[in-house]
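# Fold and geometry: a report
Chain residues, written in single-letter form:
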Amino acid sequence: MATQAAFLAGFSQLAAQPGRDCAVAVAPARVSVASVGSAKVGVRVGVKAGTAEAAAVAQRGGVRCRASLIEPDGGRLVDLVTPEEGGRRAALRREAAELPHRLRLSRVDKEWVHVLSEGWASPLQGFMREDEFLQTLHFNAIRGQDGRMVNMSVPIVLSVGDAQRRAIQADGATRVALVDERDRPIAVLSDIEIYKHNKEERIARTWGTTAPGLPYVEEAITNAGDWLIGGDLEVIEPIKYNDGLDQYRLSPAQLREEFARRNADAVFAFQLRNPVHNGHALLMTDTRKRLLEMGYKNPVLLLHPLGGFTKADDVPLSWRMKQHEKVLEEGVLNPESTVVAIFPSPMHYAGPTEVQWHAKARINAGANFYIVGRDPAGMSHPTEKRDLYDADHGKKVLSMAPGLERLNILPFKVAAYDTKQKKMDFFDPSRKDDFLFISGTKMRTLAKNRENPQMVLCAGWLESTKCRIL
């Protein structure tokens, strides 16, 4: 944990430094899913059978990608936080306080301001205007300024009510202030465009259903305004939550700086919204081993729990972060090759649509490998006793998604507790009765019962991450 703590402490000064755009090195070639040993990894498309290159692929189990960090979408990492230099931040704060039209942000709205401000959604410069919104809904991608399609699968939009819409349009306003729950200015939205919020179309295209009970819909859409307002975003200062976890909320620029400091020649990202169990640890350790076998010298794991809105029965972020700290402190994962940070995005539970967003955002953070498991970003159907999405569609969609061709997809190898060897191991279907499984749902259920000794031992809330079953 010392390594993690050292670099987290070092970012207090970096976060205060201005940096409007971050240009980085060129990305690896287009990738698809292929086999490496008992795992699957991304390899370059177009390796002709029977050639020396194909023989090398067979021998090594893959093609090593370019050692430099992957290029962010659009070629430059967006930074929408106004710098302090020249009094610009103070001037923007004064202007925001004086603007006649003020839009109050919800919790989820503020999380999206955070996401946009740090460049997770690069090349987006603010909340979506109508053309970006429609491209996202219908194509899961938007066209960048250079004409290339950039993956964007979930709408990042801001709603406004009819009364405010009429007042803004009546004044011919082009700039509005965005304020928090205490009416404190957070940002200014400029060159605005207001358009109809077709909620049914948005829900149907994002989730594939309009069934009642979708958590994000109930939180952020059902009672939202009937209009959407898009525009360029100018954020007054970095978004903070003052919950004791801000040191883990590293921006894409900060993460890239840390990967460079560690001389990482590959970054593999693993998102989760559950505690880490030993099956996850086995998977992540094995992934690093496979990347070393491919010829990488120093692959680094980005362990990246989602920190925005989650549904009520998910394990709270503060508990998860305590457990992740224990995982590093006790050496379940190597702190020298692991970076733990919080991904600030809200959770949609939109399955194959949302997992594209999760992967795209990690490209902007510098990851060129992305681990994807069973039913990523999925949930149970809200009204029927079945999963909402096919468990295999997420990883299949990622391998085909427009704008994600540069990302190496690593499908999740199934791990379970081997009762014969009395340890976690990769599942062997030839002796399936020897294995015990625990799902994310079961882990979340255990987490609600702090007195359960299995929870204490397996999730490491208290003294230990040593697990009898997991």
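Residues numbered from 1 in each chain as written. Predicted model: local features only at pLDDT ≥ 70, side-chain atom pairs only at ≥ 80, totals over all residues. Heavy atoms only, no water.

### Quick look at the overall build of the protein
- On a plain count of helices and strands, the protein comes out with 15 helices and 19 strands.
- Split into buried and exposed, the 470 residues of the protein put 56% on the buried side.
- Summed over all atoms, the accessible surface of the protein reaches about 20,100 Å², with 49% contributed by carbon and sulfur. (Helix = DSSP H or I, 4+ residues; strand = E, 2+ residues; numbered from the N terminus. Buried < 20%, exposed > 50% of the residue type's maximum accessible area, 1.4 Å probe, protein only. Areas by Shrake-Rupley, 256 points an atom, 1.4 Å probe, with all protein chains shown as cover.)

### Points about helix α4 (residues 107-118)
- Compared with the 16 Å implied by 1.5 Å per residue over 12 residues, the 17 Å span of α4 between its first and last C-alpha is a close match.
- Across the 12 residues of α4, 11 count as buried, placing the element largely inside the fold.
- Within α4, the full set of buried residues consists of V108, D109, K110, E111, W112, V113, H114, V115, L116, S117 and E118.
- Where α4 ends, the next residue or the one after it, G119, has phi of about 90 degrees, a positive value. (Expected span 1.5 Å × (residues − 1).)

### Digging into the nonpolar core
- One finds F127, I156, I229, L233 and W357 to be the most contacted residues of the largest nonpolar core, which totals 81 residues.
- Viewed by domain, this core spans two of them, domain 1 (85-235) and domain 2 (246-464), each represented by three or more residues.
- Apart from residues no more than four positions distant in its own chain, W357 is found in contact with W112, V115, W120, A121, N151, M152, S153, V154, I156, F343 and S345.
- With 25 residues, the next largest nonpolar core counts A266, L272, V276 and M294 among its residues. (Core = buried A, V, L, I, M, F, W, Y, C linked by side-chain atoms within 4.5 Å. Domains from an automatic or database assignment. Contact = heavy atoms within 4.5 Å.)

### Points about the environment of N151
- Relative to the assigned elements, N151 resides in strand β7 (residues 149-151).
- By relative accessible area, which is 0% here, N151 ends up buried.
- Taking the C-alpha atoms as reference, N151 lies 5.9 Å from P402; in sequence the two are 251 residues apart.
- What N151 contacts, discounting residues up to four positions off in sequence, is D73, N140, A141, Q356, W357, K360, A401, P402, G403 and L404.
- Here the side chain of N151 touches N140 through a polar contact of 3.4 Å, landing on its backbone oxygen. (Polar contact = N/O pair within 3.5 Å; in protein donor to acceptor, adjacent residues only side chain to side chain.)

### Digging into the sheet that holds strand β15 (residues 369-372)
- Reading across from one edge, β14-β13-β12-β15-β16 is the order of the 5 strands in this open sheet, with parallel pairing throughout. Each having just a single partner strand, β14 (338-340) and β16 (408-411) make up the two edges of the open sheet. Strand after strand, the sheet turns through a mean of 25 degrees between neighbouring axes, direction not considered.
- Looking at chain direction, strand β12 (residues 266-272) and strand β13 (residues 299-305) are connected through 7 bridges and run parallel. When the bridges of β13 are listed, F268 appears paired with L301.
- Strand contacts of helix α10 (residues 278-293): β12, β13, β15 and β16, with the helix running at about 165 degrees to β12, the strand carrying the most contacts. (Pairing = 2+ DSSP bridges. Axes fitted to C-alpha atoms, helices over the stretch in contact; angles between N-to-C directions.)

### Let's talk about the side chain of D246
- Positionally, D246 belongs in the loop between β11 (227-235) and α9 (252-261).
- Separated by 2.9 Å, the side chain of D246 and the backbone nitrogen of N242 make a polar contact.

### Structural notes on the packing of aromatic side chains
- In total, this model carries 7 aromatic pairs according to the counting rule given.
- Arranged with centres 6.0 Å apart and planes meeting at 55 degrees, the rings of W112 and W357 form a pair that is tilted. Note that W112 is positioned in helix α4 and W357 in helix α12 (residues 351-364), a separation of 245 residues in sequence. By the burial criterion, W112 is buried, and W357 matches it.
- Geometrically, the ring pair formed by Y296 and F369 is edge-to-face, given 5.7 Å between the ring centres and 85 degrees between the ring planes. You can see Y296 sitting in the loop between α10 and β13 and its partner F369 sitting in strand β15, a full 73 residues away along the chain. (Phe/Tyr/Trp six-rings, centres within 6.5 Å; stacked < 30°, edge-to-face > 60°.)

### Section: the pairing of β11
- Buried residues dominate β11, accounting for 7 of its 9 residues.
- Alignment of strand β8 (residues 159-160) against β11, held across 2 bridges, turns out to be antiparallel. Residue pairing for β11: V160 is matched across the bridge by W227.

### With respect to the sheet that holds β8
- Taken in spatial order, the 5 strands line up as β5-β9-β10-β11-β8 in an open sheet, and their pairing is mixed. Single-partner strands in this sheet number two, and they are β5 (102-104) and β8.
- As defined by bridge partners, β5 adjoins strand β9 (residues 175-179) across 3 bridges and the pair is classed as parallel. In the strand pairing of β9, L103 is matched with L178.

### A closer look at the pattern of salt bridges
- Applying the stated rule across the entire model yields 29 salt bridges.
- When the shortest N-O distance is used, the salt bridge between E84 and R89 registers 3.8 Å.
- A salt bridge links R261 to E258; the shortest N-O distance between them is 2.8 Å. Placement of the pair is R261 and E258 together in helix α9, with a separation of 3 residues, close to one helical turn. (Salt bridge = Lys/Arg side-chain N within 4 Å of Asp/Glu carboxyl O.)

### What about the packing of helix α5 (residues 130-139) against helix α7 (residues 199-207)?
- Packing of α5 against α7 leaves a shortest axis separation of 9 Å and a crossing angle of 40 degrees. Classed by the angle they form, the pair α5 and α7 counts as oblique. Contact with α5, carried on its side by F133, L137 and H138, involves E201, R202, R205 and T206 of α7 and no other residues of that element.
- Grouping the amino acids of the contact of α5 with α7 by side-chain chemistry returns 2 nonpolar, 2 polar and 3 charged. (Parallel < 35°, antiparallel > 145°, perpendicular 65-115°, else oblique. Nonpolar A, V, L, I, M, F, W, Y, C, P; charged D, E, K, R; others polar.)

### Remarks on the confidence of the model for the protein
- Scored by pLDDT, the protein has a mean of 82; 75% of the residues are at 70 or more.
- For residues 1-67, every residue scores under 50 in pLDDT, and the model assigns this stretch 149 contacts once sequence neighbours within four places are set aside.
- Counting contacts from residues 450-470, a segment whose pLDDT is below 50, to residues more than four positions away or on other chains yields 58 contacts. (pLDDT = per-residue confidence, 0-100.)

### Digging into the pairing of β9
- Taking burial as the measure, the 5 residues of β9 include 4 buried ones, the bulk of the element.
- Pairing geometry for β9 and strand β10 (residues 185-196), over 5 bridges, is antiparallel. In the strand pairing of β10, V176 is matched with L189.
- Remark: 5 residues form the turn of the hairpin made by β9 and β10, two consecutive strands paired antiparallel; D183 in that turn has positive phi of roughly 70 degrees.

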